Each structure stands twice: as C-alpha cells, then as structure tokens.
Amino acid sequence: MPNSIMASPSLTTHYRSKPVTNQLSQAPATSAIAIRERTGSISTAEIMSVLKGEITGLHIQQAFSTEVAQEITANFVGSPALQERNDGVPGQYVGASHYRKDAATYFAASETARPYVDALLKNLVDPVRALFDALKRELHNQGIELRLARSEHGQANICRALSWSGGGGTFSLEPHDDVAQVLCAGNDYEFSAVAHNTVAALNFYPSMPGEGGNLRLWSHKPTVADRKSQGVETTGYPYSEAYLQTVPCRDFQLKAGDIALIDGGFVHGVTKQSGNGKRRVLLNCFFGFARPDLVLWWT
Ligand SMILES: O=C(O)CCC(=O)C(=O)O
Ligand SMILES: [Fe+2]
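Residues numbered from 1 in each chain as written. Chains lettered and ligands numbered in written order. Predicted model: local features only at pLDDT ≥ 70, side-chain atom pairs only at ≥ 80, totals over all residues. Heavy atoms only, no water.

A. Seen up close, the site of ligand 1. Among the 13 residues in the neighbourhood of ligand 1, the closest are listed as Trp-164, His-176, Tyr-205, His-268 and Arg-280. At 3.0 Å from an oxygen atom of ligand 1 is found a side-chain nitrogen or oxygen belonging to His-268. Between ligand 1 and Arg-280, the relevant distance is 2.8 Å, taken from an oxygen atom to a side-chain nitrogen or oxygen of the residue. The protein chains hide 97% of the 300 Å² of surface that ligand 1 would expose on its own. Secondary structure elements with two or more residues in the shell around ligand 1: β8 (160-164), β9 (171-176), β10 (200-207), β15 (268-271) and β17 (281-291). (Near = heavy atom within 4 Å. Polar contact = N/O pair within 3.5 Å; in protein donor to acceptor, adjacent residues only side chain to side chain. Areas by Shrake-Rupley, 256 points an atom, 1.4 Å probe, with all protein chains shown as cover. Helix = DSSP H or I, 4+ residues; strand = E, 2+ residues; numbered from the N terminus.)

B. Expanded view of the packing of helix α5 (residues 66-77) against helix α6 (residues 103-121). Relative to each other, α5 and α6 sit at 145°, their axes nearing to 7 Å. Here α5 contributes Ile-72, Asn-75 and Phe-76 to the contact with α6, which in turn contributes Ala-119, Leu-120 and Leu-121. For the contact of α5 with α6, the per-class residue count stands at five nonpolar, one polar and no charged. (Axes fitted to C-alpha atoms, helices over the stretch in contact; angles between N-to-C directions. Contact = heavy atoms within 4.5 Å. Nonpolar A, V, L, I, M, F, W, Y, C, P; charged D, E, K, R; others polar.)

C. Quick peek at the environment of Gly-264. Relative to the helices and strands, Gly-264 is located in the loop between β14 (258-263) and β15. Exposure remark for Gly-264: the relative accessible area of 0% places this residue in the buried category. With 85 residues separating them along the chain, Gly-264 and Val-179 place their C-alpha atoms 6.4 Å apart. Excluding residues that lie within four positions of it along the chain, Gly-264 makes contacts with Asp-177, Asp-178, Val-179, Val-199 and Ala-201. (Buried < 20%, exposed > 50% of the residue type's maximum accessible area, 1.4 Å probe, protein only.)

D. Broad picture of the confidence of the model for the protein chain. On average, the protein chain scores 92 in pLDDT, and the residues at 70 or more come to 91%. Confidence over residues 1-24 falls short of pLDDT 50; this stretch has six contacts with residues more than four positions distant or in other chains. (pLDDT = per-residue confidence, 0-100.)

E. How the structure looks around the nonpolar core. In terms of nonpolar packing, the biggest core is built from 42 residues, with Leu-202, Leu-283, Phe-287 and Trp-297 touching the most fellow members. Counting 39 residues, the second-largest nonpolar core is a separate cluster that includes Leu-162, Val-182, Ile-262 and Leu-282. (Core = buried A, V, L, I, M, F, W, Y, C linked by side-chain atoms within 4.5 Å.)

The following block contains the structure:
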C-alpha cells in the first residue's frame, strides 16, 4: 500500500475505529432461499431436491390425516417417558437428541427410548415410517442405501417428539442451525460427515396452537466463522435477534397434519405461540448424505 494512503487521516481513523470493523464482520451474509409450499402428499422427488440444495424449505399442508395426528398427540401427552429437556433448550420430549451428547451417550439413550418412540406411533399407518420407507425405495433404485445411524452402542430411532416451551420473548425455540451440532459431533459419530452436505431437517406436526408457532427461516447459512463470531461454534444455538435483524426471513404457518422439510444449515426458529391452549407437538429427525452411496438418518 502506498505511503500516501497509509498516512491519510480518514483511513487512519477508520482502521482505529473498532466498532466499524466489528459491524462489518458481523453483518450476516444473505443466501437466497427457495421455498415450496403446497397441499397434498410429499414426494420423494421433492425430498431429493432438498438433499441436493435446490429447495431450502418445503412445506406440505394436510400431508397426513387429522386422526393420525390426534392419536400421535395423545400418545405424546400420555407418554410415561415425557421429560423436560435439561440441555439448555427449553422444551419437553420423548426420544433422544444427539445435541451436546457424545456418540456413546446418544446411542445408549436411543436404545432406552426406543420402546417409547415406538409407542408414539404404535400400529398406526404413520407419516414418519411411510416417508422413510418411500425414500429408502427411491434411493435404493439409485444405488444408494438409506439407514438409521448406528454405532457399537446402538442405533438411532426414526424420530423424536418435541414440544418447545421457550418463553417470554419472540420465540418458543430460539433461532439456530442444525449443522453446528453435526459438524462438532466428533468422529465417533458416523453422521458427522453429513455436515459437509445438506443436513435435511424433517418435521411432522401432529398438534398446533391456534396462533403462532410458525417455523421461521432466515436467508442466512452461517459459516464456522459466523458461528465463532456469535459464540455458538459447537451448538449453532441461539443466534440473537440483533444478529438476524437485517436478514430477510420467511414464515411457514403450520397446521396439524403438515410436514416441513428444510435445509437445516439455514438459521431457523419457532415463533411464540398463543391461542386455543392446544400445544405445539412435532416429530423431528435429520438425514443427509454421509457418502455418495449412503444416506444416514438420526435424531
Ligand atoms: O419445531 C420446529 O418447527 C422446528 C424444530 C427444529 O428446528 C429442531 O428440532 O431443530
Ligand atoms: Fe432446528
């Protein structure tokens, strides 16, 4: 750089001006999001589009019956395994979450929870197993295996059930991404490789409140540097409202019986709920390519 520029008073001020530098480095980059919303049954072609990164957010309305939705909700509410989360994310759950767990702990928790997860779905013709089986057939036809993640300690379950209870502010589940927890899961997890591809986050909604509880998706896919700057490097949770202030977002207005499938690398959260006293219950799982010939599924 020429000396004359280095000596420029305004530039000297600029370089010294910490707040300006911080603001520049903190302004989140916008990534375009492609949304598809429609009524009906989810197709394997659309699921593949999410895996390939062509669709960022897919919302299928009335994707499964209200009767099945009500049965799953009743099974969740009455489950003897219904517990409060104790990992810093306010909510109740049945099943296992790999979030902030090492592989041995997660797979052991999955084994313990299996009868209770199965009891949520019982002998229903349910949307979770139907989607898994349809995707497995489609991928098999393409020479790709789909299976539950596993280790010597056990195997993942097909889903976990959740009801968020974060309160007070704008969100019942704070803005986050689902990739940090996969990227930092560690080598003991066979699905940590998926972090370098699309981590698809699949949500089924058996019960929704009268108002709110929207799934909000921001046009921002954080990098490792972004997460570091926000102090959420290993968790991807939570991003502050201040950080996301300038980022465009889209809301999915969900109803019982809907399915939402998103690229979990984009920041998302759940808006506060209100209304008729019905609780917001979802079944959730993650899947993605660990290798070109292997798609893994976990919770
Ligand atoms: O409740 C939702 O709609 C989203 C859930 C979610 O983002 C998660 O479990 O990671
Ligand atoms: Fe998420």
